[in-house]
Amino acid sequence: MGTGSGFGKTILFGEHFVVYGLPAMASAIGDSTEAIVEIEEGKGYELIDNRPEVPGYKKKKFDEQKISINNVLTFMGVDLEKEKLKITLGGKLTCASGVGASAASCVALARAVNDAYKLGWNDTQINEAAYEGEKGYHGTPSGIDNTASTFGGLVYFVKNLHGGPNTMETIKLSKPVDMVIASSGMTANTSVVVADVREKKEENPKWFEKIVKEYKSVAKDGRHALELMNLEQVGKLMNKNHELLQKITVSNEKLDKMVKIARDAGALGAKVTGTGRGGNINVLTPGAELQDKVYNALKTAGYAAWKTKIGV
Ligand code: MEV
């Protein structure tokens, strides 16, 4: 038997832009997905998925999950013709678009396989296996989700568009910062949304280039502001990032409404996080009092919400 775990994540700056080689920042969140792998006699695998979810998430992702599991197992050299695996997924991370649920399950599975077969893989190799798994969910992932999910902490990430190693730096904060994550309850399909943004970019390159220009320094400035703990500035940059996500059409009425509720309750910044067109928003709420206020405002308005911290 082997066990493994993968962190959930939240993207602070740069979802979608990261796909085109622009810098982005993500942070692991406290909740994680846990996997247990048992090697049995027979062929193929049996999946028991006990992860908590927003309604409908697991059903909607089931076909992608099958490809993802096969990708991870093939990459790690497991031969399902020779033996059977019983895979059990659980943990505290609620599966919803935007919290890195797919990446967390890929990392957890890769770690559990590593443990079950005593492969001795290090985090870099686990991350590579999880990246293969992520391809099942979104054909051409940037790799930011599996990287944050594997290594944890606060990550500054730039995808290498030439196929070489990506840039990955772990950022240390002088103290953790409180955040709230809230779910629209809508499950997004990352590959569809990423492909649609790409299509829009190709149809109108000048329009996209203009938005990229506005985005260009957001993640770098955000990183700098975080390192200085200038949280007012971090919030402003999150708001700016949300505006740019609206422009590339990945926000929607519901997400904009949630962002407004959070800001009206005093949040320093609020934005779509992850794929968009559903999924989650993340909200900068330093201090227990502000965090409670924003959390309660979103809950009262009927949204599922979680309190978390970045830079732990
Ligand atoms: C999804 O969590 C983040 C996207 O930028 C896709 C990716 O980076 O692969 C939308």
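Quantities reported herein were computed from a predicted structural model and do not represent experimental measurements.

Going through the model one piece at a time under the given rule, you end up with 21 salt bridges. Of the charged contacts in the structure, one is a salt bridge between Lys43 and Glu81, with a shortest N-O distance of 3.5 Å. In this pair, Lys43 is assigned in the loop between β2 (24-40) and β3 (44-49) and Glu81 in the loop between α1 (57-75) and β4 (84-91), connecting sequence segments 38 residues apart. The burial state of Lys43 is the same as that of Glu81; both residues are exposed. Linking Arg277 and Asp196 is a salt bridge whose minimum nitrogen-to-oxygen distance equals 2.7 Å. Taken together, the residues span a long stretch of sequence, with Arg277 in the loop between β8 (269-273) and β9 (280-284) and Asp196 in helix α5 (residues 190-203) at a distance of 81 residues. Where salt bridges share partners, they join Glu40, Glu46 and Lys84 into one cluster.

Moving on, we come to the packing of helix α8 (residues 231-247) against helix α9 (residues 253-264). Two elements in contact, α8 and α9, have axes separated by 12 Å at closest approach and are oriented at 165 degrees. In terms of axis orientation, α8 runs roughly antiparallel to α9. Considering how the two elements wind past one another, α8 and α9 form a crossing that is left-handed. Here Asn239, His242 and Gln246 of α8 come into contact with α9, specifically with Asp256, Val259 and Arg263.

Taken together, 14 residues form the shell around the ligand, and within it His16, His138, Pro141, Ser142 and Asp145 come nearest. Here an oxygen atom of the ligand sits 2.9 Å away from a polar atom, N or O, in the main chain of His16. A distance of 2.7 Å separates an oxygen atom of the ligand from a polar atom in the side chain of Asp145. For the ligand, whose accessible area on its own is 300 Å², the fraction buried by protein is 97%.

We now examine the packing of α9 against helix α10 (residues 288-300). For the pair α9 and α10, the least separation of the axes is 8 Å and the interaxial angle reads 140 degrees. One element, α9, and the other, α10, form an angle in the oblique class. Crossing angle aside, the handedness with which α9 passes α10 is right-handed. Residues Met258, Ile261 and Ala262 of α9 form the contact with α10, whose participating residues are Val294, Ala297 and Leu298. Its residues assigned to classes, the contact of α9 with α10 comprises six nonpolar, no polar and no charged.

Here we take up the domain arrangement of the protein. Partitioning the protein into structural domains gives domain 1 (2-171) and domain 2 (177-310). The partner domain 2 presents 46 residues to the 36 residues of domain 1 that form the contact. For the domain 1 and domain 2 pair, buried surface summed over both sides reaches about 3,300 Å², with 65% attributable to carbon and sulfur atoms. When the buried surface of domain 1 facing domain 2 is broken down by residue, Phe13, His16 and Phe17 rank first, second and third, together holding 22% of it. At the junction of domain 1 and domain 2, the tally comes to two salt bridges. Seen at the junction of domain 1 and domain 2, the total is 18 residue pairs in polar contact (both at pLDDT 80 or more). By residue number, the principal contributor to the side of domain 1 that touches domain 2 is β2, which donates six residues. Of the residues that constitute the side of domain 1 that touches domain 2, the class distribution is 20 nonpolar, 11 polar and five charged.

Let us now look at helix α7 (residues 218-227). Those residues of α7 that fall on the buried side of the exposure criterion are Val218, Ala219, Gly222, Arg223, Ala225 and Leu226. What you see down the axis of α7 is that its buried residues fit within an arc of 165 degrees, all on one side. Met229 lies just past α7 and shows a positive phi near 55 degrees.

It is worth spelling out the nonpolar core at this point. By size, the foremost hydrophobic cluster in this structure holds 61 residues, and its most contacted members are Phe13, Phe17, Leu226, Ile281, Val283, Val294 and Leu298. With six residues, the single largest contributor to this core is α8. Residues lining this core come from more than one domain, with at least three contributed by each of domain 1 (2-171) and domain 2 (177-310). Dropping the residues within four chain positions of it, Ile281 is found in contact with Val180, Ile181, Ala182, Leu255, Met258, Val259, Ala262, Lys271, Val272, Thr273 and Leu298. Within the second largest apolar cluster, 23 residues are counted, among which are Ala35, Val72, Ile87 and Ala108.

Scoring rules and cut-offs
Residues numbered from 1 in each chain as written. Predicted model: local features only at pLDDT ≥ 70, side-chain atom pairs only at ≥ 80, totals over all residues. Heavy atoms only, no water. Salt bridge = Lys/Arg side-chain N within 4 Å of Asp/Glu carboxyl O. Helix = DSSP H or I, 4+ residues; strand = E, 2+ residues; numbered from the N terminus. Buried < 20%, exposed > 50% of the residue type's maximum accessible area, 1.4 Å probe, protein only. Axes fitted to C-alpha atoms, helices over the stretch in contact; angles between N-to-C directions. Parallel < 35°, antiparallel > 145°, perpendicular 65-115°, else oblique. Left-handed = near helix turned anticlockwise from the far one by under 90°. Contact = heavy atoms within 4.5 Å. Near = heavy atom within 4 Å. Polar contact = N/O pair within 3.5 Å; in protein donor to acceptor, adjacent residues only side chain to side chain. Areas by Shrake-Rupley, 256 points an atom, 1.4 Å probe, with all protein chains shown as cover. Nonpolar A, V, L, I, M, F, W, Y, C, P; charged D, E, K, R; others polar. Domains from an automatic or database assignment. Buried area = accessible area lost by both parts, 1.4 Å probe. Arc of directions from axis to C-beta. Core = buried A, V, L, I, M, F, W, Y, C linked by side-chain atoms within 4.5 Å.

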